[in-house]
Amino acid sequence: MTIDSDPVPGPLRAAVLLLRAEAVALGLVAAWLIWSDLTAQTTDLASALLVTAFAVGGAVALWALGGALSRRRAGARAPAIVLQLMLLPVGWFMIEGGLGWLGLPLIALGIGMVGLLVSGPTNRALGFGDPTP
């Protein structure tokens, strides 16, 4: 059900584009994991398949949530926020492990995406709160 026939507001459009970009990036990681699984000399097959399946599932979920939000499905916002908040501990542990160049942008991405997903224009577009701007 579409809440509003107005164009998709900027913050929601940006959130959808970033979710889709995250899905593509995670899809590339999943493709690399599949290649690694197929070419590894020795591996713990169960663990390798589980990690690969997690990456594939995450890419599919991010892409689907982006599509649902672009169609203004209010129920997609909470899972999208949860996935973005998962970037915070991942980024933190990357910083602790000496990968601050990657951890800091992940934390910033997670916080920025949550901000986009809870902004006033996004709330109104998804039918939350006061419908007047």
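Described below are features of the structure shown in this document. If you're wondering where the values come from, they're calculated on a predicted model, not measured in any experiment.

## Structural notes on the overall build of the protein
Helix and strand counts for the protein come out as six helices and zero strands. Taken from N to C terminus, the helices and strands of the protein fall in the order α-α-α-α-α-α. Along the first, second and third principal axes, the C-alpha atoms of the protein reach 60 × 30 × 20 Å. The buried share among the 133 residues of the protein stands at 30%. The long-range share in the protein, meaning contacts at least 24 apart out of those at least 6 apart in sequence, stands at 66%. Carbon and sulfur atoms make up 74% of the accessible area of the protein, which totals about 7,900 Å². For the protein, the centre of its 7 positive side-chain charges and the centre of its 7 negative side-chain charges are spaced 13 Å apart.

## Section: the environment of A74
Counting through the fold element by element, A74 comes out in the loop between α2 (45–70) and α3 (77–85). The sequence separation of A74 and I34 amounts to 40 residues, and the corresponding C-alpha distance is 34 Å. If we skip the residues at most four places from it in the chain, A74 touches L126 and F128.

Here is what the cut-offs are and how they apply
- Residues numbered from 1 in each chain as written.
- Predicted model: local features only at pLDDT ≥ 70, side-chain atom pairs only at ≥ 80, totals over all residues.
- Heavy atoms only, no water.
- Helix = DSSP H or I, 4+ residues; strand = E, 2+ residues; numbered from the N terminus.
- Buried < 20%, exposed > 50% of the residue type's maximum accessible area, 1.4 Å probe, protein only.
- Contact = heavy atoms within 4.5 Å.
- Areas by Shrake-Rupley, 256 points an atom, 1.4 Å probe, with all protein chains shown as cover.
- Lys, Arg positive; Asp, Glu negative; His and termini not counted.
- Charge placed at Lys NZ, Arg CZ, Asp CG, Glu CD.

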